[in-house]
Amino acid sequence: MSPLDRIANVSILKQHEVDKLYKVENRPTSSTSDQFCFLVRPRIKTMKYIADIINADKMAGRSRKYKIIFSPQKFYACEMVLEEEGVFGDVSCDEWSFYLLPLDDDIISMELPEFFRDYFLEGDHRWINCVARALQLLNSLYGPFSKAYGIGRCAKMSYELWRDLEEESESDSQGRKPEIGNIFLMDRDTDYVTALCSQVVYEGLVDDTFRIKCGSVDFGPDVTSSDKSIKVLLNSQDKVFSQIRNEHFSSVFGFLSQKSRNLQAQYDRRRGMDIKQMKNFVSQELKGLKQEHRLLSLHIGACESIMKKKTKQDFQEMIKTEHSLLEGFDIRESTSFIEEHIDRQVSPIESLRLMCLLSITENGLIPKDYRSLKTQYLQSYGPEHLLTFHNLKRIGLLTEQSPGETLTAVESKVSKLVTDRAAGKITDAFNSLARKSNFRGISKKLGLIPRVDGEYDLKMPRDMAYVFSGAYIPLSCKIIEQVLERKSWLGLEEVLRLLNGNEFSVTESAGEDSPAWESQRIILTVFLGGCTFSEIAALRFLGKEKGYKFIFLTTAITNSARMMEAMIETKA
Amino acid sequence: MLTIHCGQNHLKESKRAVNSLRDIVDDDDDDLEKVSWSGDPVGSISWSIKETASSSTSSLESRDSSLQKGYSSYSAFPKQASSYSLSSLFKGEVPHTQFGQMGFSSTVSRGNHFILDYSSDWSPKDTVRRMQRGKVRTFLFHLLILFQELEVRQVALCHLIHFLKETSEQKLLLDLLRFLDRTEEVALSQYREHLNIQDVEKRREFLKGCIGLPFSAEDTSHVQDHYTLLERQIIIEANDRHLETAGQSEIFRKYPRKASILNMPLVTTLFYSCFYHYTEAEGTFSSPTNLKKTFKIPDKQYVLTALAARAKLRAWNDVDALFTTKNWLGYTKKKAPIGFHRVVEILQRNNAPVQVLQEYVRLVEDVETQLNLATKYKCHDVVIDTYRDLKDRIQLAAYRCKVERGSAEEEKIDSILNNTQIRWKN
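Remember, it's a predicted structure, so these values are computed and weren't measured experimentally.

Chemist: Explanation requested: the overall build of chain A in the structure shown.
Modeler: Summing up its helical and strand segments, chain A has 25 helices and 13 strands in all. Computed over the C-alpha atoms, the radius of gyration of chain A is 26 Å, within 12% of the 25 Å expected from 2.2 N^0.38 for a compact globule of 572 residues. Reported as C-alpha extents along the three principal axes, the dimensions of chain A are approximately 90 × 75 × 65 Å. Relative to its 572 residues, chain A shows a buried fraction of 57%. Summarising the internal contacts of chain A: among those between residues at least 6 apart in sequence, 75% fall at separations of at least 24. Carbon and sulfur atoms form 50% of the exposed surface of chain A, whose accessible area is close to 25000 Å². The averaged location of the 81 negative side-chain charges in chain A is 3 Å from the averaged location of its 77 positive side-chain charges.

The structure is reproduced here in structure tokens:
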């Protein structure tokens, strides 16, 4: 499903005299309409496709009117490309400032998956304006936000640009009662670890297994137990889904089983009914029960499908490896597991993900491992992945420790540098230090690995670690928890140093009255570069515990597979 | 730890409950949304797009020839060259008046400076204002407007490079990277182009040309391997296609190839070679041992792949030979660079007979794993022997009901249980 499907359907368009709908791609169209309207994202490639279509028309002597609507905004570079292709004069351009797509009661997506690669890999700031405008829009509807927190360079830039926009605009938010009191902005690269972990809460698992697009998922024949596929909208409207979405997978079975038994009991009531009761039952209850039955079947089918896939893939062993990496034990064993995973050609995306997790938690692979795993990966999955490795190195997801550098040797290196006369070397070394992930240090300081006496109760979880089976509290969520508790970054200085800083905390000048307590409970959490369902589940849990309500604004929903795919180089 | 098995009973129960209700519920679907075969709701935009696409592919064939001519010569259509396009800027062919003031053309040739370097006493705002006065609407102008927002030169550079990549201005991108002495990126950018070359021979030629590029030492050998691999694949493909059409080779008759080997990874190529060319001498291009030697494939990988291929062909003797070595006394023993539990897994996946499976289950070192696998795959003898060795009477007795009544295994269990010589631990 595309974002458009969440807004309109064909009949509305037809009412406005739209004849046919096409996807813009590198193919000619054979339409007889005299007007073409292109509704597109501002991408260079798309401009080229459009130019090709227009030029082809010109060649064929066909004259048409062309309009391009850029969403959410137009980039100068696009106009430049249209000019270069010789079609700039033939089109009229417009902007559709569509920034926010609500995916659910508490999730708003900007549907900009390219944000992650464009900003974090290519260093391109083109989308920051969109984020600022989205914030402006939300502020005008639900603000004014009284307190803003953030961490990350992009968060800082987005915040500052938004403040500039607010100052320039003439909006007058005086006297308006805010509905959202706080805002928290976070860069994806503050916490790559969480995004790389396998998800085990139901919604995350569905996303990892089936890929949820714009809040809906494609369930194939193996789930529907028929020969048809079906697209299902997954949000709080689905009564079954809304109750299991944040649950750990192990609890989901029990829940579905209970529900099925209840459903059966409900139907069984028919037997003892007289005509009047039966009539009542059919008119009032049957529809609801049918609906519930349909949803239950789908989710049970989905669970079965997930189980089948996981059992096939050695899921147990993989989770064990992930937990070892998170906790910092059995690193050699984990490395062997990854090596074997690559040798067996299990999955190019999963192998990459595991290598990145190893690299991030260990501050880079030791050179011997890096070389050998890279060679094996290229042998198993294709030599062109040379380019993928280069991208991963650039973005910092899969790096090599400099020779002679281990975690404990970092300090000795710094002292060595002081005596080193070559100035260039010092800057290089400091630069590389700045990019280190320092996960172990951060994990220790924030207590991300819970100490468990006995079994961790997943049915009645006591902290956010339940989203990863009790093994690890998501770093991003922990940071948010700590900052909200302290209402500032005080006391987190050491952690911030390890996170490379770029934090901020601003109290906007609120109105004369102290802000309503209601709005203070509500925090708009902005993820720049993507947010996972596990993080959403964890924060929803935190919200319930502490009496907050989180609203999620993300550039796109993400998971480990999407992140890895963004790093792979494809045809130009 | 996620325990997979805990919920399976729940799941079975739920499934049974739900299925039993299906007859009652499924009489009419009037409340359900109508969906198409692809699962898109009928009347949605996604559905409409797919409908149009499928109907237009058929109509595309019957286009008139003039349109066809137009499409086939997309690239031939003359592009109106914008006089202030990026390409003309880089060549230094810009109106002297405005850019000359900036000393622009001289900075282009300087190796280490960012090409859009401006005079140090002008701030970006100044530069833009001066250009605005000149009323020059150029790409450079647009870029500087953008860059005004950004303070660090580094960031502007990233934007420019990304833009050049997107517009496929390959030559300009390479020139820029060379100016900046980012030689490794020059090599990688050029190498990336191979993804756009469909023709295999052309791609091979292109890769050959990439070998001399300024990659790191490691990457140079990877690119070299890429070239060598493709070269080999072309030879093997040509040869095998010939063999296949000639119809003389049994293996190709029995297992016709489903896809070509071209552009496949090395391990896949090795699998293919172990499947179709296992017995060939090292001298041929298609023999597995030749591949192993040429690409320095480690033993572990080689054995794993050969095992997978021979198991698929149910060539149990070949599998046996893979793991058999003779020690200095002439005794054969079995060893493997991969764990034997993996061997068992691969054999089982290929439906190896129990006798074969059993032999390898016995070789699994860890007793617990061995027991698990033996139980899972019904290698009764192994289970019985293990429980006997562990002197575990209770487990052995419990296992009795898992074997067939009156079978040899049952007899064996009984005789062991009745053996008074054994000192049971329980």
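After that view, the rundown keeps rolling.
Chemist: Just checking my understanding: could you explain a nonpolar patch on the surface for this structure?
Modeler: Residues and elements named next belong to chain A. On the surface, I7, L39 and W96 cluster together into a nonpolar patch covering about 250 Å² of accessible area. Counting through the fold element by element, L39 comes out in strand β1 (residues 35–40). L39 gets classed as partly exposed once you look at its relative accessible area, which sits at 40%.

Chemist: Can you help me understand helix α22 (residues 380–390) of chain B in this one?
Modeler: Residue and element names in this part refer to chain B. When we look at burial in α22, the residues that qualify are H380, V382, V383, I384, D385, T386 and Y387. Buried residues belonging to α22 abut α20 (354–361), α21 (367–376), α23 (393–399) and α24 (408–417). One or two steps after α22, the chain reaches K391, where phi turns positive at roughly 60 degrees.

Chemist: Before we go on, may I ask you to explain the sheet that holds β1(A) in this structure?
Modeler: For sheets, the rule is that strands pair by backbone hydrogen bonds, running either parallel or antiparallel. Residues and elements named next belong to chain A. What the 3 strands build is an open sheet, ordered β1-β2-β3; its pairing is parallel. Either end of the sheet is taken by a strand with one partner, and the two such strands are β1 and β3 (91–95). The sheet shows a mean angle of 20 degrees between the axes of neighbouring strands, taken without regard to direction. Pairing geometry for strand β2 (residues 65–70) and β3, over 5 bridges, is parallel. Its bridge partner lying in β3, I69 is registered against D94. Packed on one face of the sheet, helix α2 (residues 44–59) meets β1, β2 and β3 and runs near 170 degrees to β1.

Chemist: So what exactly am I meant to see when it comes to the side chain of Q482(A) here?
Modeler: The topology assignment puts Q482(A) in helix α21 (residues 475–486). Excluding its chain neighbours within four sequence positions, the residues that come into contact with Q482(A) are L446(A) and L492(A).

Chemist: What should I look at first to understand the packing of helix α15 (residues 348–361) of chain A against helix α25 (residues 560–567) of chain A in this one?
Modeler: Angle between the axes and distance between the axes: these two values describe a pair of packed helices. Residues and elements named next belong to chain A. Direction vectors running N to C along α15 and α25 enclose 95 degrees, while the axes themselves pass 9 Å from each other. One element, α15, and the other, α25, form an angle in the roughly perpendicular class. On the side of α15, the interface is formed by I349, L352, R353 and C356, while α25 contributes S560, A561, M564 and E565. Tallied by class, residues from the contact of α15 with α25 come to 5 nonpolar, 1 polar and 2 charged.

Chemist: Would you take a moment to explain helix α14 (residues 331–343) of chain A for this structure?
Modeler: Residues spaced three or four apart along an α-helix point in a common direction, a consequence of the helix completing one turn every 3.6 residues. Residue and element names in this part refer to chain A. The first and last C-alpha atoms of α14 sit 18 Å apart over 13 residues, in line with the 18 Å expected at 1.5 Å per residue. Taken together, the buried positions of α14 are I331, S334, T335, F337, I338, E340, H341, I342 and D343. Once α14 ends, the next one or two residues include Q345, with phi positive near 55 degrees.

Chemist: Teacher, can you tell me more about the nonpolar core here?
Modeler: Looking at soluble globular proteins, one finds that nonpolar side chains tend to be buried together. Residues and elements named next belong to chain A. If you look at the biggest cluster of nonpolar residues, it comprises 192 residues, and the most contacted ones within it are F184, L397, Y472 and L524. In terms of residue count, helix α12 (residues 275–312) provides more of this core than any other element does, 10 residues in total. When residues no more than four places from it in sequence are discounted, the contact partners of Y472 are D191, V193, T194, C197, L326, F439, L448, I449, P450 and A465.

Chemist: What am I meant to see in empty space enclosed by the protein here?
Modeler: Any space left empty among the atoms is revealed by the rolling of a water-sized probe across them. A complete count under the given rule lists 8 cavities of 30 Å³ or more for this structure. The space that makes up the largest cavity amounts to roughly 130 Å³. In terms of lining residues, the largest cavity is bounded by T375(A), L378(A), Q379(A), P383(A), H222(B), D225(B), H226(B), L229(B), L266(B) and F295(B). At 4 residues, helix α13 (residues 217–246) of chain B tops the list of elements feeding residues into the lining of the largest cavity. Taken together, the residues of the lining of the largest cavity break down into 5 nonpolar, 4 polar and 1 charged. Roughly 100 Å³ of internal volume is contained in the second largest cavity. Among the secondary structure elements, those contributing two or more residues to the lining of the second largest cavity are α17 (386–395) of chain A together with α11 (183–192) of chain B. Of the residues that constitute the lining of the second largest cavity, the class distribution is 3 nonpolar, 3 polar and 5 charged.

Chemist: Mind showing me how you'd approach the pattern of salt bridges here?
Modeler: Note on pairing: side chains with opposite charge can pair once their charged atoms come close. Taken as a whole, this structure holds 62 salt bridges over all chains when the rule is applied. Linking D124(A) and R126(A) is a salt bridge whose minimum nitrogen-to-oxygen distance equals 2.9 Å. Accessibility expressed as a relative area gives 3% for D124(A), which makes it buried. R440(A) is the partner of E362(A) in a salt bridge, and the nearest nitrogen-oxygen pair spans 2.8 Å. Highlighted residues: E362(A) in the loop between α15 and α16 (367–381) and R440(A) in helix α20 (residues 439–446), separated in sequence by 78 residues. Sharing partners across several salt bridges, the network here consists of D314(A), E317(A), E340(A), R344(A), R342(B), E345(B) and R349(B).

Chemist: When you look at the packing of aromatic side chains in this model, what are you seeing that I'm missing?
Modeler: Geometrically, a pair of aromatic rings is defined through the distance of the ring centres and the angle of the planes. All names here are of chain A. For the structure on display, the rule yields 34 aromatic pairs over all chains. Measuring from ring centre to ring centre gives 6.3 Å for F116 and Y192, while their planes differ by 90 degrees; the resulting arrangement is edge-to-face. Here Y192 lies in helix α7 (residues 192–196) and F116 lies in helix α4 (residues 114–121), a separation of 76 residues in the sequence. Accessibility assignment for this pair places F116 and Y192 in one class, buried.

Chemist: It is not clear to me how the packing of α22(B) against α24(B) should be interpreted in this structure. Could you clarify?
Modeler: All names here are of chain B. Put simply, α22 and α24 touch, their axes get as near as 10 Å, and they point 5 degrees apart. Between α22 and α24, the crossing angle belongs to the class labelled roughly parallel. Residues H380, D381, I384, D385 and R388 of α22 touch α24, and the partners they reach there are E409, K412, I413 and I416. Residue classes in the contact of α22 with α24 are distributed as 3 nonpolar, 1 polar and 5 charged.

Chemist: What is the right way to look at the pairing of strand β12 (residues 522–528) of chain A in this model?
Modeler: A regular strand places its side chains on the two faces of the sheet in alternate fashion. All names here are of chain A. Where burial is concerned, most of β12 is hidden: 7 out of the 7 residues are buried. Side chains I522, L524, V526 and L528 of β12 all project onto a buried face; the interleaved residues I523, T525 and F527 project onto the opposite face, where all are buried too. Relative to strand β13 (residues 549–554), β12 runs parallel, the two sharing 6 bridges. Residue pairing in the sheet places I522 in a bridge with K549 of β13. Read as a crossover between parallel neighbours, the route from β12 over helix α24 (residues 533–546) to β13 is right-handed.

Chemist: I tried to follow the confidence of the model for chain A on my own but got confused; where do I start?
Modeler: Close inspection of predicted coordinates is inappropriate for parts of the model with low pLDDT. Residue and element names in this part refer to chain A. On average, chain A scores 87 in pLDDT, and the residues at 70 or more come to 91%. Within chain A, the element-level pLDDT minimum falls on helix α19 (residues 423–434), averaging 40, and the maximum on α7, averaging 97. In the predicted structure, residues 407–412 sits below a pLDDT of 50 and forms 5 contacts with residues beyond four places in sequence or in another chain. A low-confidence stretch, residues 417–434 stays under pLDDT 50, and its non-local contacts, those more than four residues away or across chains, total 10 contacts.

Chemist: How should the confidence of the model for chain B be read in this particular structure?
Modeler: All names here are of chain B. Confidence in the prediction for chain B averages 74 pLDDT; 71% of positions are at 70 or higher. Mean pLDDT values over the elements of chain B span from 29, in helix α6 (residues 104–109), up to 96, in helix α15 (residues 266–276). Within the model, pLDDT remains below 50 along residues 1–6, and this stretch shows 13 contacts once partners closer than five positions in the same chain are excluded. This stretch, residues 131–137, has a pLDDT under 50; its non-local contacts, to residues over four places away or in other chains, come to 14 contacts. Across the predicted assembly, pTM comes out at 0.82 and ipTM at 0.85.

Chemist: Got a minute to help me understand unusual backbone geometry in this structure?
Modeler: A negative phi angle characterises most non-glycine residues, just as the trans form characterises most peptide bonds. Put simply, S71(A) and P72(A) share a cis peptide bond, and its omega is -5 degrees. On the secondary structure map, P72(A) appears in the loop between β2 and α3 (76–84). Phi is positive for N263(B), close to 65 degrees, though the residue is something other than glycine. Residue placement: N263(B) occurs in the loop between α14 (250–254) and α15.

Each value, and the rule that gives it
Residues numbered from 1 in each chain as written. Chains lettered and ligands numbered in written order. Predicted model: local features only at pLDDT ≥ 70, side-chain atom pairs only at ≥ 80, totals over all residues. Heavy atoms only, no water. Helix = DSSP H or I, 4+ residues; strand = E, 2+ residues; numbered from the N terminus. Rg over C-alpha atoms; globule rule 2.2 N^0.38 Å. Buried < 20%, exposed > 50% of the residue type's maximum accessible area, 1.4 Å probe, protein only. Contact = heavy atoms within 4.5 Å. Areas by Shrake-Rupley, 256 points an atom, 1.4 Å probe, with all protein chains shown as cover. Lys, Arg positive; Asp, Glu negative; His and termini not counted. Charge placed at Lys NZ, Arg CZ, Asp CG, Glu CD. Patch = residues over 30% accessible without salt bridge, like charges linked within 9 Å, V, L, I, M, F, W, Y side chains within 5 Å. Salt bridge = Lys/Arg side-chain N within 4 Å of Asp/Glu carboxyl O. Pairing = 2+ DSSP bridges. Axes fitted to C-alpha atoms, helices over the stretch in contact; angles between N-to-C directions. Parallel < 35°, antiparallel > 145°, perpendicular 65-115°, else oblique. Nonpolar A, V, L, I, M, F, W, Y, C, P; charged D, E, K, R; others polar. Expected span 1.5 Å × (residues − 1). Core = buried A, V, L, I, M, F, W, Y, C linked by side-chain atoms within 4.5 Å. 1 Å grid on protein atoms, 1.4 Å probe; cavity = no way out; pocket = protein on both sides within 12 Å on 5 of 7 lines; lining within 4 Å. Points joined across faces, edges and corners; volume = space filled by probe spheres on them. Phe/Tyr/Trp six-rings, centres within 6.5 Å; stacked < 30°, edge-to-face > 60°. Right-handed = clockwise from strand over helix to strand, strands pointing away. pLDDT = per-residue confidence, 0-100.

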